[in-house]
Amino acid sequence: NAGVTQTPKFQVLKTGQSMTLQCAQDMNHNSMYWYRQDPGMGLRLIYYSASEGTTDKGEVPNGYNVSRLNKREFSLRLESAAPSQTSVYFCASSRGQLETQYFGPGTRLLVL
Amino acid sequence: DQQVKQNSPSLSVQEGRISILNCDYTNSMFDYFLWYKKYPAEGPTFLISISSIKDKNEDGRFTVFLNKSAKHLSLHIVPSQPGDSAVYFCAASGPETSYDKVIFGPGTSLSVIP
């Protein structure tokens, strides 16, 4: 039982490049989330998916797109990376509202 | 403007003593609060939660207190242990923004000194 897994662990991009961060959970959770963590800012919600087939914007969605591929997988795409997107990205999942969110180990992204 | 504030970026406590981590929120519609703990290079893990119908919730060495009128909550760790050294995030949610939208504070880094 791996919980929430994220790939890659670390990535360096040049400004303007695109990439997709992958997230998968094996807990049969309905809800999945993408956060970014920046120094002094805590975790900020980028997008979430309350159930398979639905996605909604969080606090900081600009510059990102998401896909809930199936119940297990939720990907985050940066179409044209900017230095302001340098951050640590965390994926999380939960059974639903008011349920505990379980986080993956994070992806550290550096945009030059 | 941050809706969840943790005004102490760091805190040092002797092993065996009490650690008190504070959190303030501005949105009066928040009615569900959580604390998460994070070790370096790992994702946050859930610690304890409280809903606004209660003013205290206890789980072993961890107790969360909620003062709704002051829009303030605190996490007490008694006794503190070196393994408690981590970053602690306060978080809040409410029906207005859907309980899926959890707002996190900036975190407090706790060091427990042996």
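These numbers were taken from a predicted model, which means no experiment stands behind them.

A.B. asks: For this particular structure, what's the right way to read the overall build of chain A?
C.D. replies: The secondary structure content of chain A amounts to zero helices and 11 strands. Element order for chain A, N to C, with α for helix and β for strand: β-β-β-β-β-β-β-β-β-β-β. For the C-alpha atoms alone, the extent of chain A along its principal axes is close to 35 × 30 × 25 Å. Burial statistics for chain A: of 112 residues in total, 46% are counted as buried. When contacts within chain A are restricted to residue pairs at least 6 apart in sequence, long-range pairs at least 24 apart make up 55% of them. Surface accessibility of chain A: about 5,200 Å² in total, with carbon and sulfur atoms responsible for 48%. Across chain A, the 11 positively charged side chains and the 8 negatively charged ones have centroids separated by 6 Å.

A.B. asks: Would you mind going over the overall build of chain B with me for this structure?
C.D. replies: Along chain B, the regular secondary structure elements total zero helices and 11 strands. Across chain B, helices and strands are ordered from the amino to the carboxyl terminus as β-β-β-β-β-β-β-β-β-β-β. Computed over the C-alpha atoms, the radius of gyration of chain B is 13 Å, within 12% of the 13 Å expected from 2.2 N^0.38 for a compact globule of 114 residues. Oriented by its inertia axes, the alpha-carbon framework of chain B measures out at about 45 × 30 × 20 Å. Buried residues in chain B amount to 47% of all 114 residues.

A.B. asks: Any chance you could explain the state of the cysteines here in plain terms?
C.D. replies: Disulfide: a covalent bond formed between the sulfur atoms of two cysteine residues. For the structure shown, the criterion picks out two disulfides over all chains. Note that Cys-23 of chain A is cross-linked by a disulfide to Cys-91 of chain A, the S-S spacing being 1.8 Å. Residues Cys-23 of chain A and Cys-91 of chain A are joined through a disulfide that is left-handed, its torsion about the S-S bond being -70 degrees. Note that Cys-23 of chain A is positioned in strand 3 (residues 19-25) and Cys-91 of chain A in strand 9 (residues 87-94), a separation of 68 residues in sequence. Between Cys-23 of chain B and Cys-90 of chain B runs a disulfide, and the two sulfur atoms are separated by 2.0 Å. Between Cys-23 of chain B and Cys-90 of chain B the disulfide shows an S-S torsion of about -75 degrees. By sign, it is left-handed. Here Cys-23 of chain B is found in strand 3 (residues 19-25), whereas its partner Cys-90 of chain B is found in strand 9 (residues 86-93), with 67 residues between them in sequence. Each of the two residues, Cys-23 of chain B as well as Cys-90 of chain B, counts as buried.

A.B. asks: Sorry if this is basic, but what is going on with the nonpolar core here?
C.D. replies: Across soluble globular proteins, you tend to see nonpolar side chains buried next to one another. Residues and elements named next belong to chain B. Core analysis: the largest hydrophobic core is formed by 24 residues, its most contacted members being Phe-33, Trp-35, Leu-73, Leu-75 and Tyr-88. Those elements that provide at least two residues to this core are strand 3, strand 4 (32-38), strand 5 (45-51), strand 7 (62-67), strand 8 (72-77), strand 9 and strand 11 (108-113). If you tally residues by element for this core, the top one is strand 9, at four residues. In contact with Tyr-88, other than residues within four places in its own chain, are Gln-6, Leu-21, Trp-35, Tyr-36, Lys-37, Leu-47, Leu-75, Ile-77, Gly-107, Thr-108 and Leu-110.

Criteria and cut-off values
- Residues numbered from 1 in each chain as written.
- Chains lettered and ligands numbered in written order.
- Predicted model: local features only at pLDDT ≥ 70, side-chain atom pairs only at ≥ 80, totals over all residues.
- Heavy atoms only, no water.
- Helix = DSSP H or I, 4+ residues; strand = E, 2+ residues; numbered from the N terminus.
- Buried < 20%, exposed > 50% of the residue type's maximum accessible area, 1.4 Å probe, protein only.
- Contact = heavy atoms within 4.5 Å.
- Areas by Shrake-Rupley, 256 points an atom, 1.4 Å probe, with all protein chains shown as cover.
- Lys, Arg positive; Asp, Glu negative; His and termini not counted.
- Charge placed at Lys NZ, Arg CZ, Asp CG, Glu CD.
- Rg over C-alpha atoms; globule rule 2.2 N^0.38 Å.
- Disulfide = S-S within 2.5 Å.
- Core = buried A, V, L, I, M, F, W, Y, C linked by side-chain atoms within 4.5 Å.

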